[in-house]
Every structure is written in C-alpha cells, then in structure tokens.
Amino acid sequence: QVVLVESGGGLVHPGGSLRLSCGASDATFNTYAVAWFRQGLGKERVFVAAVGTIGNRSIYEDSVKGRFTAFRDNAAKTAYLQMSSLKPEDTDVYLCAARDTWFTPSSYDYNLWGQGTQVTVSS
C-alpha cells in the first residue's frame with residue numbers, strides 16, 4: 001500500500017511560482033496515475049491536473065492550462081505540479097491522489113490521498 005506525502009506549498013505573490021511534490025513510499029508508485037485536486041469550499045474536491053503512470057500523458061482543468069504542468073519522476077517516486085503565473089484565485093489546499101490504473105478527473109475514483117499542502121497567492 002502506497003503512502004503519499006505532499007510538500008511545496010507556501011505563500012507567493014501574484015505572478016509567482018511554486019512546485020508541489022507528491023512523494024510515494026515505495027516503487028509501486030510507477031503503476032499509479034497521479035492527480036491533483038483542490039480542497040474547495042464544498043464537500044467535493046475540485047480537479048486540477050493529472051499525469052499518467054509513465055508521465056507521457058496529462059490533463060488539466062481549463063483555468064490552469066498554460067500555467068500548470070503535471071509531471072513525474074518515477075525513479076524518485078515523486079509526482080510534481082509546477083505552478084506558474086499564480087493568481088489569488090488559485091489559493092487553496094492542494095491534494096495529490098493516486099489510483100492503480102489510468103487517471104480520471106473524478107475525485108471519487110481515487111483511493112489514495114496525500115495530506116494536502118496549502119497554496120496561498122496574495123500580495
């Protein structure tokens with residue numbers, strides 16, 4: 001069973017950048033698709049981005065296209081979300097999630113979750 005640990009959040013000014021990481025506990029990580037979600041204000045988490053098992057495919061929510069990039073380093077057992085041109089509306093808790101098949105944008109399809117990392121974009 002893989003455990004996910006997130007890091008990389010913080011406070012940045014508008015237009016700044018952050019790189020979130022999602023580290024896995026063992027090498028079975030390479031069989032898992034990884035997605036990033038925002039906590040949001042309601043019960044359901046909001047899809048942001050996802051990357052496939054070998055990092056050659058990715059999808060993005062419309063508001064982050066061209067600004068965020070999801071990628072992974074399977075040798076390091078880590079997935080990343082590179083966040084650029086950050087806006088105040090990007091502020092949220094970001095969570096990584098994994099599943100042992102291809103990615104989807106639905107939070108309900110993921111069975112493994114990181115603890116979340118806070119991203120705050122403010123002057």
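Scope of this entry: the structure provided in the associated data block. Numbering of residues starts from 1 in each chain and follows the order in which that chain's sequence is written. Only residues with pLDDT of at least 70 get local features here, since the model is predicted, and only at 80 or more are side-chain atom pairs given and counted; chain-wide, interface and lining totals rely on the full set of residues. Only hydrogens and water are set aside; all other atoms, that is, all heavy atoms of the structure, feed into the side-chain values.

### Details of the environment of Cys96
Step number 1: Strands here are runs of E lasting at least two residues and helices are runs of H or I lasting at least four, both read from the DSSP assignment and numbered beginning at the N terminus. Among the structural elements, Cys96 can be located in strand S9 (residues 92-99).
Step number 2: For Cys96 and Gly23, which are 73 residues apart along the polypeptide, the C-alpha to C-alpha distance reads 9.4 Å.
Step number 3: Those residues in contact with Cys96, other than ones at most four positions away along the chain, are Leu4, Glu6, Cys22, Val34, Ala35, Trp36, Leu112, Trp113 and Gly114. Residue contacts are defined here by distance: any two heavy atoms, one from each residue, within 4.5 Å place the two residues in contact.

### Here we look at the state of the cysteines
By definition, a disulfide links the sulfur atoms of two cysteine residues through a covalent bond.
Step number 1: Criterion for a disulfide: a pair of cysteine sulfur atoms within 2.5 Å. The final tally for this structure, using the stated rule, is 1 disulfide.
Step number 2: Here Cys22 connects covalently by a disulfide to Cys96, the sulfurs 2.1 Å from one another. Torsion about the S-S bond of the Cys22 and Cys96 cystine: about 70°, corresponding to right-handed handedness. Within this pair, whereas Cys22 is found in strand S3 (residues 18-24), its partner Cys96 is found in strand S9, the two being separated by 74 residues in sequence. Note on accessibility: Cys22 and Cys96 belong to one class, buried. Accessible area is worked out with a 1.4 Å probe on protein chains only. A residue is then buried under 20% of its type maximum, exposed over 50%, and partly exposed in between.

### Here's the deal with the environment of Gln118
Step number 1: Among the secondary structure elements, Gln118 is positioned in strand S11 (residues 117-121).
Step number 2: Judged by its relative accessible area of 39%, Gln118 is partly exposed.
Step number 3: As a C-alpha pair, Gln118 and Arg38 span 80 residues in sequence and 9.7 Å in three-dimensional space.
Step number 4: Look past the residues within four positions of Gln118 in its chain and what remains in contact with it is Gly9, Gly10, Thr91, Asp92 and Val93.
Step number 5: Polar contact is the term for a pair of N or O atoms within 3.5 Å; when the atoms are in protein, one must be able to donate a hydrogen and the other to accept it, and sequence-neighboring residues count only if both atoms are side-chain atoms. A distance of 3.3 Å separates polar atoms of two side chains, one belonging to Gln118 and the other to Thr120.

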